[in-house]
Amino acid sequence: MLVNRYMYLFSRFQRHINTNTTRITFGSCYLSSSGYVPLHKKPQAGAVGCSRNVSSKSSHPKPPDTSLFVPVSVKTDSSVDGSVGAELTQPLDKNELLKVLNRFYKRKEMQKLAADHGLDVRLFHQAFISFRKYVLEMTTLPADLHIILSDICCGAGHIDDIYPYFIHHAKQIFPMLDCMDDLRKISDLRVPANWYPEARAIQRKVIFHAGPTNSGKTYHAIQCYLAAKSGVYCGPLKLLAHEIFEKSNNAGVPCDLVTGEERTFVDLNGRASGHVACTIEMCSVSTSYEVAVIDEIQMIRDPSRGWAWTRALLGLCAEEIHVCGEPAAIDFVRELLYTTGEEVEVHTYQRLTPFSVLDNAVESLDNLRPGDCIVCFSKNDIYSISRNIEARGLQCAVIYGSLPPGTKLSQAKKFNDPDDPCKILVATDAIGMGLNLFSSKFKEGEVTTMHQDDLPVLKEILSQSVDPIEMAGLHPTAEQIEMFAYHLPDATLSNLVDIFVSLSQVDGLYFVCNIDDFKFLADMIQHIPLNLRSRYVFCTAPINKKQPFVCTSFLKFARQFSRDEPLIFAWVCRHISWPLAPPKNIKDLVHLEAVHDVLDLYLWLSYRFMDMFPDTALVREIQQELDNIIQQGVRNITRLIRATDTAITDALQPQSSRQGQTGGSRRTASNAYLTSSRNQREQGGTGELMDSSLTSRLVRDGLLTPDLLRQLQREWSKDQKQEFTNQSTHDREHHNNPNKGKRRKKKK
C-alpha cells in the first residue's frame with residue numbers, strides 16, 4: 001500500500017514537535033520531524049494568484065511590478081543631422097541645459113502626464129536620469145531636439161516642449177511601455193480551459209476515485225484503463241509509471257513507457273502501443289485515448305508542479321477521465337470542470353487495512369520489532385539511525401530521495417522479502433508516494449511517536465481531515481515566453497518570466513507556480529549564447545540546484561551545446577571520470593548519487609535534442625552499472641558510515657597528540673573540536689585555522705553530521721574519562737609504591 005496520506009498528516013505533525021523520530025507501525029513504522037514541506041500547503045512566496053472572489057471577467061488589470069523593468073541601452077545615430085542644430089541656432093551651454101532639464105523633472109504636470117503613459121515615479125526617475133545623460137553627453141543631438149532646447153535656454157520656448165522627446169527616450173529604454181497591452185493579452189491566464197480546443201470538442205466523462213491510502217481507488221481506475229482499447233496513465237513519479245508499465249504488459253496489454261529520461265516501446269519496430277504509462281509532465285494533450293488515469297490529483301495545488309495536473313485534467317483527449325486522489329479534492333475538481341461543462345461522477349472507497357495509534361511511544365531503538373519502519377526527514381538522520389540500529393545487531397534497508405529509482409526498489413524489495421534477514425526500514429518521506437512497502441503478514445498498522453510527550457499532538461493531527469483543495473497551478477509555456485521575447489528582444493529569459501508573472505491575470509481557481517528553480521537555471525546560463533527556445537528547454541530541466549556537481553555539469557552541457565559540438569559518450573565519461581570506484585565512505589556515496597543525476601540530465605536532454613546528445617544507449621548502460629554500484633554501497637551503508645567515522649577520528653588525531661604534548665588543560669580532542677569555533681574569534685591562532693580547514697571541510701563534504709558529532713563527543717568523552725581514571729590509578733599506585741615501575745622495567 002502507499003503511505004502518502006501519512007506524509008500529509010505527519011507533515012503537519014512535524015511542525016509542532018522537535019523530536020528526532022516519530023513512530024508509525026505497519027508491523028510498525030516511524031516518522032521523524034524535520035523539514036518536510038507538505039503538498040497540501042497553499043502557495044506562498046513565488047506563487048501569484050487571485051483570491052477566490054475574483055471574476056474571470058475582471059476588467060481592472062493589476063498594475064505591473066515596475067521594479068522588474070530593466071532599462072536597455074539606447075543606440076542613437078545622429079550622424080545624419082551632423083551639426084545642423086548648432087548651425088541653425090547656436091551651441092548649447094551645458095550649465096544652462098542642466099538647469100532646464102532639472103526644472104522639467106520637478107514639474108508635477110510632467111510627472112502626471114508620464115504616469116498616464118505607464119511611467120510611475122520610479123520609472124520616471126530612471127528615464128529622466130538616462131535622458132539627462134543622453135542630452136548632456138551626446139556630441140551632437142538631433143536637429144529638432146537641439147533647436148527646442150536652444151529656444152528654451154534663450155527664453156523663446158516652453159519647458160513642456162521637452163516632453164515628447166523625453167517620452168520617446170523613455171520608451172526606447174523601457175520598450176515594454178509601448179507594448180503593455182500586447183503583453184497583458186499574452187499573459188492573460190484567466191480561462192485556461194480554452195487552451196485545449198481538442199479536449200473541448202469532445203464530451204468527456206469524468207470519474208473521481210476518492211479515498212485514503214490503501215483503499216483500492218487506483219486499482220479500480222487501472223482496471224478500466226486495462227480494459228480499454230487505448231489509454232494513458234499519468235503519475236507523479238517515474239516509479240509509479242514503471243509499475244503501471246509492468247502491470248499492463250504482464251496482463252497482456254501492450255504498454256509503452258514515457259518519462260522525462262526514458263522512452264520504452266514494446267513494439268520492436270518502435271511503433272506506439274495503444275496504452276502508455278507516463279509521468280504527468282510527459283502526457284500528450286493532442287493524442288486521443290479511450291481512457292485516461294490521472295493519479296494523485298491533490299498535487300494540482302503543488303507550488304512547483306501543480307501546472308502539470310491542471311494541464312492533464314483540462315487538456316487530455318479521452319472519452320473517460322479517471323481521477324484518483326484525496327476526497328479533499330472532490331469539490332474543487334467539480335468546480336474546475338464546471339468551467340468546461342463537464343460533470344464529475346464520484347466513487348468513494350474506505351481503507352482496506354486499518355491502523356491504530358498506540359498508547360505508548362517507542363522511547364528507544366532497543367524496542368524495535370520486525371517490520372518496523374523509521375521515517376526521518378534528512379539524510380543525516382538516516383545515517384545516524386541506521387548505524388545505531390545495526391550496532392544493535394539488526395539489519396536495515398535504507399531509502400531516501402536522492403537514491404536512484406533502481407536502488408529504492410532494491411531496498412524496498414529487500415525489506416519486503418520475508419526470507420531476507422533485513423526486518424527494519426529506515427527512510428525519509430521518499431516512501432510517501434510510489435513505493436509499496438507493507439504487503440506483508442501484518443493485518444493492522446500501528447502508529448506512535450518516539451517520545452511520549454508527542455503522542456497527544458499526533459492523535460490530534462490524525463483526527464483532522466486534509467485541508468480542501470482550493471487552487472490549481474499554471475505555468476507560462478515556451479510559446480508565451482517567445483511572444484514576450486518578440487516584444488522585448490533585449491530582456492533576459494529570467495527577466496521575461498518575471499515580467500510575465502507580474503502581468504499575468506488569473507481567476508480565483510488558479511495561481512502561477514513557483515518559478516524560482518527556472519530562474520536559477522536561466523541566470524546560470526544567461527552568458528551562454530543560446531536561442532530562446534533552447535534556453536527555455538534547458539531551464540525546465542529537473543535538476544537539484546543544491547548539488548554543486550550537477551549544477552556544474554548543467555553549465556558544461558549548455559556551453560558544449562552552444563558551440564554546436566555534440567556531447568558524445570567519450571566527452572561525458574571524461575567529465576564524470578568514468579569508470580567510478582565503489583564508495584569508501586558517505587562522501588563517495590553522495591558523489592555517486594550526483595553523478596547518477598548528471599546522467600539523468602543527459603538522458604533528459606537527449607530526448608529534446610537528439611542530434612546533440614546522440615549516445616543515449618551508452619549512457620544508459622553506464623548509468624545501470626552506476627546504479628548497481630550505488631545499490632552495493634547502500635547495502636553496506638553502515639560500513640561506509642563507520643569508515644567516515646574513522647576518517648574523522650584520524651583527522652583529529654594529530655590535534656589530540658599536540659594537546660597531549662603541550663600539557664596544561666586536559667580538554668579532550670572532541671571538546672577542542674566542539675568549542676574551537678566558539679573561542680577562536682577571541683583567541684585567534686591555530687584554533688581558527690583548525691575550524692576553517694577541518695570543521696568546515698568535514699561538514700561541507702558530508703563527512704560529519706550533527707548526530708555523528710554528538711556521538712563522537714560522547715565516545716571521546718567516555719574514552720578520555722577512562723583514560724583519566726586509568727592514569728589516576730596508575731599515579732596513585734606509583735605514589736604508594738615508587739619502585740613498582742622500576743621492577744617492571746627490570747623484568748623487560
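Thresholds applied
- Residues numbered from 1 in each chain as written.
- Predicted model: local features only at pLDDT ≥ 70, side-chain atom pairs only at ≥ 80, totals over all residues.
- Heavy atoms only, no water.
- UniProt positions renumbered as here; feature names shortened; annotations may be inferred.
- Helix = DSSP H or I, 4+ residues; strand = E, 2+ residues; numbered from the N terminus.
- Areas by Shrake-Rupley, 256 points an atom, 1.4 Å probe, with all protein chains shown as cover.
- Buried < 20%, exposed > 50% of the residue type's maximum accessible area, 1.4 Å probe, protein only.
- Pairing = 2+ DSSP bridges.
- Right-handed = clockwise from strand over helix to strand, strands pointing away.
- Axes fitted to C-alpha atoms, helices over the stretch in contact; angles between N-to-C directions.
- Parallel < 35°, antiparallel > 145°, perpendicular 65-115°, else oblique.
- Left-handed = near helix turned anticlockwise from the far one by under 90°.
- Contact = heavy atoms within 4.5 Å.
- Nonpolar A, V, L, I, M, F, W, Y, C, P; charged D, E, K, R; others polar.
- Phe/Tyr/Trp six-rings, centres within 6.5 Å; stacked < 30°, edge-to-face > 60°.
- Lys NZ or Arg CZ within 6 Å of the ring centre and 35° of its normal.
- pLDDT = per-residue confidence, 0-100.

Going by an unreviewed UniProt entry, the chain carries the name ATP-dependent RNA helicase SUPV3L1, mitochondrial and comes from Mastacembelus armatus. Database annotation for the chain, UniProt heading Sequence similarities (unreviewed entry): "Belongs to the helicase family."

Moving on to the overall build of the chain. Helix and strand counts for the chain stand at 29 helices and 18 strands. When the accessible surface of the chain is split by element, carbon and sulfur atoms take 51% of a total near 35700 Å².

This part covers the pairing of strand E10 (residues 317-325). Burial of E10 is extensive: 7 of the 9 residues sit out of reach of the surface. Taken together, the 6 bridges between strand E9 (residues 288-294) and E10 define a ladder with parallel strand orientation. Counterpart to valine 291 in the pairing with E10 is glutamate 320. The β-α-β motif built from E9, the intervening helix H12 (residues 306-315) and the parallel element E10 has right-handed crossover chirality.

Here the focus is the packing of helix H23 (residues 586-606) against helix H24 (residues 616-635). Where H23 contacts H24, the two axes come as close as 10 Å, and the packing angle between them is 155°. When the interaxial angle is binned, H23 and H24 end up roughly antiparallel. As for how H23 packs across H24, the hand of that crossing is left-handed. Residues Leu589, Leu592, Glu593, Val595, His596, Leu599, Asp600, Tyr602, Leu603 and Ser606 of H23 lie in contact with H24, whose contacting residues are Thr616, Val619, Arg620, Ile622, Gln623, Leu626, Asp627, Ile629, Ile630 and Val634. Across the contact of H23 with H24, the residue classes tally to 12 nonpolar, 4 polar and 4 charged.

A few words on the packing of aromatic side chains. Summed over all chains, the structure comprises 19 aromatic pairs. Ring geometry for tyrosine 163 versus phenylalanine 166: centroids 6.5 Å apart, planes at 45°, classification tilted. Here phenylalanine 166 and tyrosine 163 lie together in helix H7 (residues 163-173), a separation of 3 residues that amounts to about one turn. On the accessibility criterion, phenylalanine 166 (0% relative accessible area) is buried. Chaining the aromatic ring pairs together yields one cluster made of Phe538, Phe554, Phe557, Phe561, Trp571, Tyr602, Phe609 and Phe613. Of note, arginine 263 hangs over the ring of tyrosine 607, and the distance from its end group to the ring centre comes to 4.2 Å. The residue whose ring lies beneath arginine 608 is tryptophan 604, and the NZ or CZ to ring-centre distance is 3.8 Å.

Once that is clear, we can look at the side chain of serine 187. Within the secondary structure, serine 187 sits in the loop between helix H8 (180-186) and helix H9 (197-200). Sequence-distant contacts of serine 187, that is, excluding residues within four places in its chain, are made with Phe484, Phe500, Leu503, Ser504 and Gln505.

A few words now on the environment of methionine 612. Tracing the chain through its elements places methionine 612 in the loop between H23 and H24. The buried category is assigned to methionine 612, whose relative accessible area is 6%. Spatially, the C-alpha atoms of methionine 612 and proline 566 are 4.3 Å apart, while their sequence positions differ by 46 residues. Beyond its immediate stretch of four places on either side in the chain, methionine 612 contacts Phe561, Asp564, Glu565, Pro566 and Leu567.

Further remarks concern the confidence of the model for the chain. A residue-level look at the chain finds 76% of positions with pLDDT of 70 or above and a mean pLDDT of 80. By mean pLDDT, helix H26 (residues 669-683) is the weakest element of the chain at 30, and E9 is the strongest at 98. Note on residues 1-58: pLDDT is under 50 here. Beyond four places in sequence and across chains, it has 203 contacts. Scored below 50 in pLDDT, residues 651-693 makes 41 contacts in the model with residues more than four places away or belonging to other chains.

The next point concerns the pairing of strand E15 (residues 424-427). Burial along E15 is two-sided: Ile424 and Val426 facing one way and Leu425 and Ala427 facing the other are all buried. Summarising the sheet, strand E14 (residues 396-399) and E15 pair through 4 bridges and their orientation is parallel. Looking at the pairing, valine 398 lines up with valine 426 of E15. As for the winding sense of the linkage, the β-α-β connection from E14 through helix H15 (residues 405-416) to E15 is right-handed.

The mixed open sheet is built from 8 strands, whose spatial order is E7-E6-E8-E5-E9-E10-E4-E11. The open sheet terminates on both sides in strands that have one partner only, identified here as strand E7 (262-264) and strand E11 (344-348). The average undirected angle you get between the axes of adjacent strands in this sheet is 15°. Note: strand E6 (residues 255-259) against E7, 3 bridges, orientation antiparallel. Residue valine 258 lies in a different strand from E7, and its bridge partner there is arginine 263.

Cis rather than trans, the peptide bond between tryptophan 578 and proline 579 has omega equal to 5°. By the element assignment, proline 579 lies in the loop between helix H22 (569-576) and H23. Phi at glutamate 363 takes a positive value of approximately 70°, unusual for a residue other than glycine. Mapping glutamate 363 onto the fold places it in the loop between strand E12 (355-357) and strand E13 (373-375).

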